[in-house]
Amino acid sequence: MALEKLGESLGKVIRRITLAGLVDEKLVREVVRELQRALLSADVNVKLVMELSRKVQERALKEKPPAGLSRKEHTIRVLYEELVNLLGGGDGYTLPQRARIMLVGLQGSGKTTTVAKLARYFQKRGLSVTVIAADTHRPAAYEQLSQLVEPLHIRVLGSPHARDAVEVVKEALPQAEKSDIVILDTAGRHRSEEELFSEMVALAEVFQPDEKFLVIDSNLGQQAGAQARAFNEHIGITGVVLTKLDGSARGGGALSAVAETGAPIRFVGTGEGTDALEVFDAERFISRLLGMGDLQSLLEKAKETIDEQKAREIFKGEFTLEDLYAQIESLNKMGPLASVMRMIPGLGMALPQEAAELTEARMRRFLVIMDSMTREERQKPRIINSSRMRRIALGSGAKVEEVKELLKYYNTMKRALKSLKKGRGRGMRQLARLMRGMGMQ
Ligand SMILES: Nc1nc2c(ncn2[C@@H]2O[C@H](COP(=O)(O)OP(=O)(O)O)[C@@H](O)[C@H]2O)c(=O)[nH]1
Ligand SMILES: [Mg+2]
């Protein structure tokens, strides 16, 4: 995926926080330093990096974590939110029913390729598409576009010999009328920038686009910001498509610099093929960059966590093996244990899948072992001595060690719940420790 290196270093930052015993000022400072290094080497502007560091540091240390989030989770969330802000928040792209889309941008930025990619994008979503070839400056521009969209069976209007882009559009429009989506490819090379801009203004006049997307090569890095500003001032753009994000070491610079201009990034190009186009959504982009595909759902879940009050209600009275049985069973019913665990404060961070599976299997073993106990044993686990243990092991086809393990788990759980009933938060932390002990965290 795009910006792999940045993703890797940011992933390391997150892991550093996850693994830390305590999120304190020292840790936050170190993390912020690593963050700075990662962003700067992805070409993000120094000023933006400093701003972001300051915000992360301040919020991580001073803000009170919202209900249901530990300081550690809060710190990760702050980091995530500030990175999303750095990319302008990006709210994605809403699929229109009908639209005229004009692409502008310099020669070589990827306009013609993006016309084909967008055509494919809309076609896949059931809309009919026509494209107009109005780059009358570049030799064989018409042929290039035709070749790109030919496999898609999309109609290209224009002609290889046309000289006047405005005429091309005037002629094409009546024929494009019936299409849901009409995409206009334009020229990127002129004798001067002024000439390019004035042709674009004239084209927009006749084409009356709903969207004017500026196509920018992300290899430009921070320079992309200046380009976005210039096009916006002269032509008025409604969005940006950043191309060649695949393998662009300067993609971070381009993304953040464009976001800073306030022009929304709508799509990113991640390859030469017509399928290599993605709707840009800053939240999803950052989640993926951090290597935490489920970060967002996790953050959402954190908002609706089982709060301590509710937990107390669930666990009132003396906790017996029967309760443990019911609990394990209900966890199984609620879905994969891992996702349930994520909803418990203090256990919030992602669990490795194998660990979760392993533990689910273990939980099931525990149920089998408890099935071999008498009712009395389940209600008064205290009475389970070593001879009873041997009997239970034999009856459930388990080892005595496993029975011991179950009892140990039960006792820790019982203690955790007791302190949960008494104290604030401590019980949950103990629960977390317990889960860690079980190889779950
Ligand atoms: N790797 C990669 N190459 C791209 C991407 N978009 C365009 N290109 C390549 O960039 C070059 C210029 O693209 P073109 O569409 O002709 O640019 P135009 O002059 O703006 O129309 C071509 O070789 C494209 O294949 C992208 O997202 N990734
Ligand atoms: Mg072109």
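Parameters and conventions
- Residues numbered from 1 in each chain as written.
- Chains lettered and ligands numbered in written order.
- Predicted model: local features only at pLDDT ≥ 70, side-chain atom pairs only at ≥ 80, totals over all residues.
- Heavy atoms only, no water.
- Helix = DSSP H or I, 4+ residues; strand = E, 2+ residues; numbered from the N terminus.
- Buried < 20%, exposed > 50% of the residue type's maximum accessible area, 1.4 Å probe, protein only.
- Contact = heavy atoms within 4.5 Å.
- Pairing = 2+ DSSP bridges.
- Axes fitted to C-alpha atoms, helices over the stretch in contact; angles between N-to-C directions.
- Polar contact = N/O pair within 3.5 Å; in protein donor to acceptor, adjacent residues only side chain to side chain.
- Near = heavy atom within 4 Å.
- Areas by Shrake-Rupley, 256 points an atom, 1.4 Å probe, with all protein chains shown as cover.
- Nonpolar A, V, L, I, M, F, W, Y, C, P; charged D, E, K, R; others polar.
- Expected span 1.5 Å × (residues − 1).
- Arc of directions from axis to C-beta.
- Parallel < 35°, antiparallel > 145°, perpendicular 65-115°, else oblique.

## Details of the overall build of the protein
Here comes step 1: When helices and strands are counted, the protein shows 20 helices and eight strands.
Here comes step 2: Burial status across the protein gives 52% buried among its 441 residues.
Here comes step 3: Contacts in the protein between residues far apart in sequence, at least 24 positions, make up 72% of those at least 6 positions apart.

## What to know about the environment of Leu86
Here comes step 1: Tracing the backbone shows Leu86 in helix 4 (residues 71-86).
Here comes step 2: Along the backbone, Leu86 and Ala259 are 173 residues apart, and their C-alpha atoms lie at a distance of 7.1 Å.

## Re the sheet that holds strand 2 (residues 129-134)
Here comes step 1: Pairing is mixed across the open sheet formed by eight strands, whose spatial order is 3-2-4-1-5-6-7-8. Two strands lie at the open edges of the sheet, namely strand 3 (155-157) and strand 8 (277-279), each paired on one side alone. The sheet shows a mean angle of 25° between the axes of neighbouring strands, direction not considered.
Here comes step 2: Pairing of strand 1 (residues 99-104) with strand 4 (residues 181-186), which is carried by four bridges, proceeds in the parallel orientation.

## A few points about the side chain of Asp217
Here comes step 1: Residue placement: Asp217 occurs in strand 5 (residues 211-217).
Here comes step 2: Here Asn219 takes part through its backbone nitrogen, which lies 2.7 Å from a polar atom of the side chain of Asp217.
Here comes step 3: Of the polar contacts made by the side chain of Asp217, one reaches the side chain of Lys244; its length is 3.1 Å.
Here comes step 4: If we skip the residues at most four places from it in the chain, Asp217 touches Gly108, Ser109, Leu242, Thr243 and Lys244.

## Some points on the pairing of strand 1
Here comes step 1: Counted residue by residue, strand 1 has five buried out of six residues, so it is predominantly covered.
Here comes step 2: Pairing between strand 1 and strand 5: four bridges, direction parallel. From the neighbouring strand, Ile101 faces strand 5, where its bridge partner is Glu211.

## Focus: the site of ligand 1
Here comes step 1: In the vicinity of ligand 1 there are 18 residues, among which Gly108, Lys111, Thr112, Thr113 and Asp246 approach most closely.
Here comes step 2: The separation between an oxygen atom of ligand 1 and a polar main-chain atom of Gly108 is 2.7 Å.
Here comes step 3: Thr113 has a polar side-chain atom sitting 2.5 Å from an oxygen atom of ligand 1.
Here comes step 4: For ligand 1, the accessible surface in isolation is 580 Å², of which the surrounding protein chains cover 82%.
Here comes step 5: Top contributing element to the shell around ligand 1 by residue count: helix 5 (residues 111-124), with four residues.
Here comes step 6: A breakdown of the residues in the shell around ligand 1 according to their chemical character gives one nonpolar, eleven polar and six charged.

## Quick look at unusual backbone geometry
Peptide bonds are, in most cases, trans, and in most cases residues other than glycine have a negative phi.
Here comes step 1: With a phi angle near 65°, Ala140 is a residue other than glycine that sits in the positive phi range.
Here comes step 2: Take Ala140: it is sitting in the loop between strand 2 and helix 6 (141-149).
Here comes step 3: On the accessibility criterion, Ala140 (47% relative accessible area) is partly exposed.
Here comes step 4: The phi angle at Lys244 is positive, at roughly 55°, despite the residue not being glycine.
Here comes step 5: You can see Lys244 is positioned in the loop between strand 6 (239-243) and helix 10 (251-261).

## What about helix 10?
Here comes step 1: The buried fraction of helix 10 amounts to nine of the eleven residues, a majority that puts the element mostly inside the structure.
Here comes step 2: Every buried residue of helix 10 is listed here: Gly251, Gly252, Gly253, Ala254, Leu255, Ser256, Ala257, Val258 and Ala259.
Here comes step 3: Positive backbone phi, approximately 90°, marks Gly262, located one or two places after helix 10.

## Details of helix 7 (residues 165-176)
Here comes step 1: With twelve residues, helix 7 ought to run about 16 Å at 1.5 Å a step, and its terminal C-alpha atoms sit 16 Å apart, in line with that.
Here comes step 2: The set of residues buried in helix 7 consists of Ala165, Val166, Val168, Val169, Ala172, Leu173 and Ala176. Along the axis of helix 7, the buried positions cluster into a sector of 140°, meaning they face one direction only. Away from its buried face, by an angle of more than 90 degrees, helix 7 presents the exposed residues Glu171 and Pro174.
Here comes step 3: As for helix 7, its buried residues are in contact with strand 1, strand 2, strand 3, strand 4 and helix 8 (193-207).
Here comes step 4: The backbone nitrogen of Val166 lies 2.9 Å from a side-chain oxygen of the residue at the head of helix 7, namely Asp164.

## Description of the packing of helix 1 (residues 4-19) against helix 2 (residues 25-41)
Here comes step 1: Packing of helix 1 against helix 2 leaves a shortest axis separation of 9 Å and a crossing angle of 175°. Judged by the inter-axis angle, helix 1 sits roughly antiparallel to helix 2. In contact with Leu6, Ser9, Leu10, Val13, Arg16 and Ile17 of helix 1, helix 2 contributes Leu27, Glu30, Val31, Glu34, Leu35, Ala38 and Leu39.
Here comes step 2: Considering only residue class, the contact of helix 1 with helix 2 consists of nine nonpolar, one polar and three charged.

Nothing here speaks to function; it is all geometry.
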